[in-house]
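# Residue-level structural notes
Single-letter residue listing:
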Amino acid sequence: MSGIDNLEWEKLLTEFSKNIDRSIKKLEERDIDNIPGAKQALIERLKVMRDYFPQNNGDLFIKSINEKIQNAFFPKTKDLAEAFERIIKSRSHDQDFIINELINGFISSRSKTIALNVQGTVIDRLVEAFSKGPDFQIVDHQFYAMFSDPNKARKYVKESLQDLVDLFGLEAKELIVEKDKRKSERKVYTFYTFPEKILEILEGEYVYTDEVLGEKMVSEKFDKTVFISLFLANISVHRDDLKKIGGVYTVNGICNIFSLIFLISLMPKLDVDETNPILKDPSYDSNRMSVIPKSWMMKEVLLDLLEPLIKIVAYRLGGGEWLKAIDTTEVRRKIHNQTRFILKDINRWILGELCRVEIDIFVSIGSIFAEVIVDTSIED
Amino acid sequence: MVREKWTDIFARYLTYLSHLVPILKETKRTVQNMSLEVMMDIKIFDKIKMDEEKRLVKRVRALSEFSAYYRGKVFENIKNFIYKYSEDLEPIDIKDYLIEFFDECISALQILINITNPDQKKLNSTYLYLLYKYLEDLLLPIGKNFEEIYMKLNKTSVNWYECQRYMMIPHTYYRETVDNPDFFEIPGISPKLYQIINNITSLYNLDPNYYPCPEDSNIEIPVILINDVFEAFIDNIAHEEQEAIEKICERLGLRVLDEIFLAPKYDFIDVLIKNDFIRENKQSDGKIRLIPQFSNETLILSYLAFVSLRRGFLSKELINWISMTFAFIIFSTILKCQLSDHNIFYPIFTSLKTQEKVIPYMMKLLCFNNYLKLDRMKIRDSVQYRKEIFNFAGSSIDCIKELILDLSEYLNKIRKKNKEGV
C-alpha cells in the first residue's frame, strides 16, 4: 500500500470507528426490541466491532472482504475465463438470491440502472431462451419477442439488448442471408452466445455437444448460476472501467448490498423465550434461522453504520475509482435508507421479528470475526 | 366479439392434440413392424417421412403445417436416438425403448384429450376439474368472504408462498397502470410495488406510530407515515404509486388516515389478530394498543385474497397471467406424470410451438364458472403475446417445479384410483 493509499485507508477506518460510536449512542437512547437483552447484545457487538475491526491496520476488514467477498464474488484477475471458473465453483443456491437482488438493481435508480426495465426476471428469461434456442445461442428476434415493451420504440429495445449483452459479456455473431425467404431481401441475423473460453469451461457439466446434430445443447444442470457467474466475472475483470460494468449505479448497488451482507453476518444471534409465538410459526426454522435485534434496523443506527462500511467495501473491491463513485450527495442517504429494506427474501420478517437465514456467506464472514475474538480472548 | 362457448373452445383445444395421436400411433406401428436391420438404417425414416408428406389430406394450412412440424420432429428425434445409441445398445433394446417412448406420449396425449368433455358431464371426476381444484386450494382459494380466503391462503403459504407470490407478479407488469381510472380494476403486483409492500411491512414492524381507531375509541391502531414509505425512491420514480396510494391500500387491506398515515382497515384488524400478525397490549390508561408483528407474507396474501374475492375485476394482464400459470402447471403436470425424463419426445411437448397450440385454449377453459371464474374475453389471442409469456412459462422457477411435482403425485393417485374403480 502506498503512502497516499494508506492515508485513505486510515481515514476510512477512523470514520468507521466514529460512526459506530454514534450508532451506539443513538441505540442507547431508544429501545424498540421486545426481546429482553436484545438491545444490550447489540450494543456489546457494536463495541466489539469498533474495537477489533480497525486494529492492525484494519486486518479483519481486509481478511473478511478480500477472502470472503472478493474471492467468492469478484476474484482479482484480468482473465474473464479464470474469474468465471472461480466464481462458478464457489456458487451456492442461496447466494444466488443475493445476486438476484443485485441484478434487480436498486429501486431508486431503477430507471438508470444496469438492465433498464427488464430486470427482475431477466436471468430466468435468458436461461429459458438459451435452453430453448438452437445451438446454445439466442438470436436477436427471440430477444425482442421476450423482452420488448410494446410501449417503447424499437430503438430502446435494441439499446436494452446491448445493455444486457454488455452486462453479461456475451459475444455477438452475425449470419448474413443474401435473400431471405419472405421478401428476397438481404438480412442480417445476430446471434449471441458465450465467449469461446467460457464455453470450454461449461462444456461437459452445463453444456454438451450433440454428436448427431453437431449442436451445443444444455444439460439439466444449466441454470441461472451460469449467468450470475458470468455477470460477476465481467464486473471483476472490468472493475477499473466503470463504463463497462454499468457505471456508478452498479458500484453503489454492489457496495450497498455487500455492506449490508457484512453487517448481517456480524449481528448477534438472539435466544427467544420459549413462549415466543415465532417458535410456533411453521415458517420459522430454528436450525437455519436466528432472530436479529430489531433495533439494528433503526434508521438512525443503520445509516451511520452503513455509510463508512459502503466506502470500505468500495475501496477494498475497486480501489480509489470505486470509492470516488460512491454517491455522497443527499440522494445517498435515501439510497442507504432503502438498503435497509433489501434482501427481504433472505432475511425474512416472521411475526414481526427479522430472521437471518444462515446462508454460506453470512456464516463464513461471521466465523472470521468469531475466530479472531476467540483467539484474542485466549491470548488475554 | 362473440363470447365463445365451452363447446367451441373445447373443440379448438382438441384440434391440434387430436392430430398428434394418429401421428404417434402410426409411427409406432411403423417402428414395430420394421425389422431390426431396416430400423438401424436411419435413412429409412427420411423416406417414410417423405411418403407421409406426399399423402393428400385436406386440412387447413395451419393444421398441416403443425402436423408437418410435429412429424418432422418425431422422426428427427428417432433418428438421433438410433444414431446416438447404435453402438451402446442392442437394436432390440433401441426398438423397445422407442416403443416405450411412444406409449408414454400416447398416454399423455390421451389424458390431455380426455381432460374434460364437451358437455362437462361428471365434472367432479374429470382431470381438469380435479387438478384445478387441487391448485385452487393452494393458490387462489374461493370463500364466502375475505377472511375465509385469507385464512385458507395463510394455511397453505407455509409451503407455497413463493408460488402464491409468483402468481401475483405478472411478467408483463409494464403494461399495467396502478392508477387505472376504473377504481375497481385490480392489476398485478409490479416489482416496484413489491418493494413498496416490503417497505410497508418493515416500517410497521420497526417504526409504528399509534393512532386512535376511528371506529373504536378504546383501541389504538398502528400507523406509518406515507412519506416514510416513499422516502427512498429518488427521482420521483414511484410517483405513480404514491399518487395511487389509496387504491393500493384498498388491495392490501389498508387505508389512508388524515391523508398522511397508512393504517389497517377495521375489518382487516380482526383477520390480522386471528393470524397473530397483530397482538393486543393493554395499557395503563385502559386502552388496547394493537402492536403489529407482520411476516413477509402478511400483506402479499392480503392482496391475493382480495384478488381471489374480486376475481371479476382483474386486469387483463393479471387474468392472462393467472390462467396461464394454472394452465401451464396442469399441462406440465400431465407430461411429468406420463413421460419419463429421458423420453426423447419430451422436448417436442415443451417447445413453444406445441405449448402455444394447447395452453391458450386450456387457459380459456379454465376461465369458466366451474374453474377460475375469470373473464375469458380478456384472454389474449395475439401470437406476439403468447411468445412473450410462454417463452418464460415457469419451468425454470424452482417453486413452480416443486408444485408440478406435487401435483403429478396427486395425478398419479387419481389415475390409480380410477384404475382400481374400473
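Throughout this description, residue numbers start from 1 for each chain and increase along the sequence as written. Both sets of labels track the order of writing: A upward for chains, 1 upward for ligands. Owing to the predicted nature of the model, reporting of local features is limited to residues with pLDDT of at least 70; listing and counting of side-chain atom pairs is limited to 80 or more, with chain, interface and lining totals taken over all residues. Calculated side-chain values reflect all of the structure's heavy atoms, with hydrogen atoms and water omitted.

## Thoughts on the sheet that holds strand E7 (residues 348-350) of chain A
All names here are of chain A. Only strands joined by at least two bridges in the DSSP assignment are considered to pair. Here a strand is any run of E in DSSP of at least two residues, a helix any run of H or I of at least four, and the numbering for each starts at the N terminus. Taken in spatial order, the three strands of this open sheet run E6-E8-E7, and their pairing is antiparallel. Each having just a single partner strand, strand E6 (289-291) and E7 make up the two edges of the open sheet. Across the sheet, the axes of successive neighbouring strands diverge by a mean angle of 40°, strand direction being ignored. Summarising the sheet, E6 and strand E8 (residues 353-357) pair through three bridges and their orientation is antiparallel. Paired with methionine 289 across the two strands is valine 357, which belongs to E8. Structural elements are reduced to axes, namely lines fitted to C-alpha atoms, with helices fitted over the stretch in contact, and the angle between N-to-C directions of any two is expressed from 0 to 180 degrees.

## A short note on the pairing of strand E3 (residues 254-257) of chain B
In the sheet, E3 of chain B pairs with strand E4 (residues 261-264) of chain B via four bridges, with the strands oriented antiparallel. In the sheet register, valine 256 of chain B faces E4 of chain B, and the bridge partner there is leucine 262 of chain B.

## So, the nonpolar core
For the purposes of this section, nonpolar cores are sets of buried Ala, Val, Leu, Ile, Met, Phe, Trp, Tyr and Cys residues that join through side-chain atoms within 4.5 Å. Categorising residues by exposure relies on relative accessible area from a 1.4 Å probe, with only protein chains included: less than 20% of the type maximum marks a residue as buried, more than 50% marks it as exposed, and the intermediate range marks it as partly exposed. In this structure, Phe194 and Trp296 of chain A together with Ile322 of chain B are the most contacted members of the largest nonpolar core, which totals 262 residues. With residues up to four places along the chain from it excluded, the contact list for phenylalanine 194 of chain A reads Phe130, Phe136, Leu170, Glu171, Leu199, Leu202, Val226, Phe227 and Leu230 of chain A. Contacts are assigned to residue pairs that have any heavy atoms within 4.5 Å of one another.

## A closer look at a negative patch on the surface
Together, Asp223 of chain A together with Glu162, Asp398 and Glu402 of chain B make up a region of like negative charge exposed at the surface. Topologically, glutamate 162 of chain B is positioned in helix H7 (residues 146-168). Candidates for patches are residues over 30% relative accessible area with no salt bridge; among them, like charges are joined within 9 Å and nonpolar side chains (Val, Leu, Ile, Met, Phe, Trp, Tyr) within 5 Å. Accessible areas in this description were obtained via Shrake-Rupley with a 1.4 Å probe; residue shielding takes into account the shown protein chains only. The salt bridge definition used is simple: a Lys or Arg side-chain nitrogen within 4 Å of an Asp or Glu carboxyl oxygen. Charged residues are defined here as Lys and Arg on the positive side and Asp and Glu on the negative side; His and the ends of the chain fall outside this count. Positions of charges follow a simple convention, taking NZ of Lys, CZ of Arg, CG of Asp or CD of Glu.

## Concerning unusual backbone geometry
Backbone phi values are negative for most residues with the exception of glycine, while trans is the configuration of most peptide bonds. One non-glycine residue, asparagine 56 of chain A, lies in positive phi territory at about 50°. Position of asparagine 56 of chain A relative to the elements: it lies in helix H3 (residues 55-73). In this structure, glutamine 120 of chain B takes a positive phi of about 55° despite not being glycine. Classification of glutamine 120 of chain B by relative accessible area gives partly exposed; the value is 22%.

## Some points on the packing of aromatic side chains
Aromatic pairs are defined between Phe, Tyr and Trp rings, using the six-membered ring for Trp, whenever the two ring centres lie within 6.5 Å; interplanar angles under 30 degrees are classed as stacked, those over 60 as edge-to-face, and all others as tilted. Counted according to the given criterion, the structure contains 38 aromatic pairs over all chains. Look at phenylalanine 53 of chain A and phenylalanine 61 of chain A: their rings are 4.6 Å apart centre to centre, the planes differ by 40°, and that puts the pair in the tilted class. Counting every residue linked through ring pairs, the aromatic cluster contains Trp6, Phe10, Tyr13, Tyr129, Tyr132, Phe326, Phe368 and Tyr371 of chain B. Here arginine 316 of chain A stacks its cationic end above the ring of tryptophan 9 of chain A, 4.7 Å away from the centre of that ring. As a reminder, the over-ring test applies to NZ of lysine and CZ of arginine, requiring each to be within 6 Å of the ring centre and within 35 degrees of the ring normal. Taking the ring centre of tyrosine 16 of chain B as reference, the NZ or CZ of lysine 357 of chain B above it sits at 5.5 Å.

## A look at helix H14 (residues 316-338) of chain B
Its 23 residues place the ends of H14 of chain B 33 Å apart at the C-alpha level, agreeing with the 33 Å of an ideal helix rising 1.5 Å per residue. Within H14 of chain B, 21 of the 23 residues are buried, which leaves it mostly tucked inside the rest of the structure. Multiplying 1.5 Å by the helix residue count minus one yields the expected span of that helix.

## A word on the side chain of serine 290 of chain A
Residues and elements named next belong to chain A. Along the chain, serine 290 turns up in strand E6. Look at serine 290 and you get buried, because its relative accessible area is 6%. One polar contact links serine 290 to glutamate 358, side chain to side chain, over a distance of 3.2 Å. Identification of polar contacts relies on pairs of N or O atoms within 3.5 Å, with a donor-acceptor requirement for protein atoms, meaning one able to donate a hydrogen and the other able to accept it, and with residues adjacent in sequence counted only if both atoms are side-chain atoms.

## As for the packing of H7 of chain B against H14 of chain B
All names here are of chain B. Two numbers describe how H7 lies on H14: the axes approach to 9 Å, and their chain directions differ by 140°. By the angle between their axes, H7 is oblique relative to H14. Of the residues in H14, those touching H7 at Tyr166, Met167 and Met168 are Leu318, Trp321, Ile322, Thr325 and Phe326. Note on residue categories: nonpolar means Ala, Val, Leu, Ile, Met, Phe, Trp, Tyr, Cys or Pro, charged means Asp, Glu, Lys or Arg, and polar means any other residue, Gly included. Of the residues that constitute the contact of H7 with H14, the class distribution is seven nonpolar, one polar and no charged. In these notes the angle categories are as follows: under 35 degrees is roughly parallel, over 145 is roughly antiparallel, 65 to 115 is roughly perpendicular, and the rest is oblique.

## Some details on the pairing of strand E2 (residues 216-225) of chain B
All names here are of chain B. Pairing of strand E1 (residues 209-213) with E2, which is carried by five bridges, proceeds in the antiparallel orientation. Opposite cysteine 213, over in E2, you have aspartate 216 as the bridge partner. What sits between E1 and E2 in their antiparallel hairpin is a turn of two residues. Here two bridges tie E2 to strand E6 (residues 288-292), and the two strands are oriented parallel to one another. Residue pairing across strands places isoleucine 219 opposite isoleucine 288, the latter belonging to E6. In terms of strand pairing, E2 meets E4 through two bridges, oriented antiparallel. Bridged to leucine 225 within E4 is phenylalanine 261.

## Let's talk about the confidence of the model for chain A
All names here are of chain A. A score from 0 to 100, pLDDT tells how confident the predictor is in each residue. Model confidence for chain A is summarised by a mean pLDDT of 80, while 83% of its residues fall at 70 or above. Here helix H5 (residues 93-104) stands out as the element of chain A with the lowest mean pLDDT, 64, in contrast to helix H2 (residues 38-52), whose mean of 91 is the highest. For residues 106-120, every residue scores under 50 in pLDDT, and the model assigns this stretch 53 contacts once sequence neighbours within four places are set aside.

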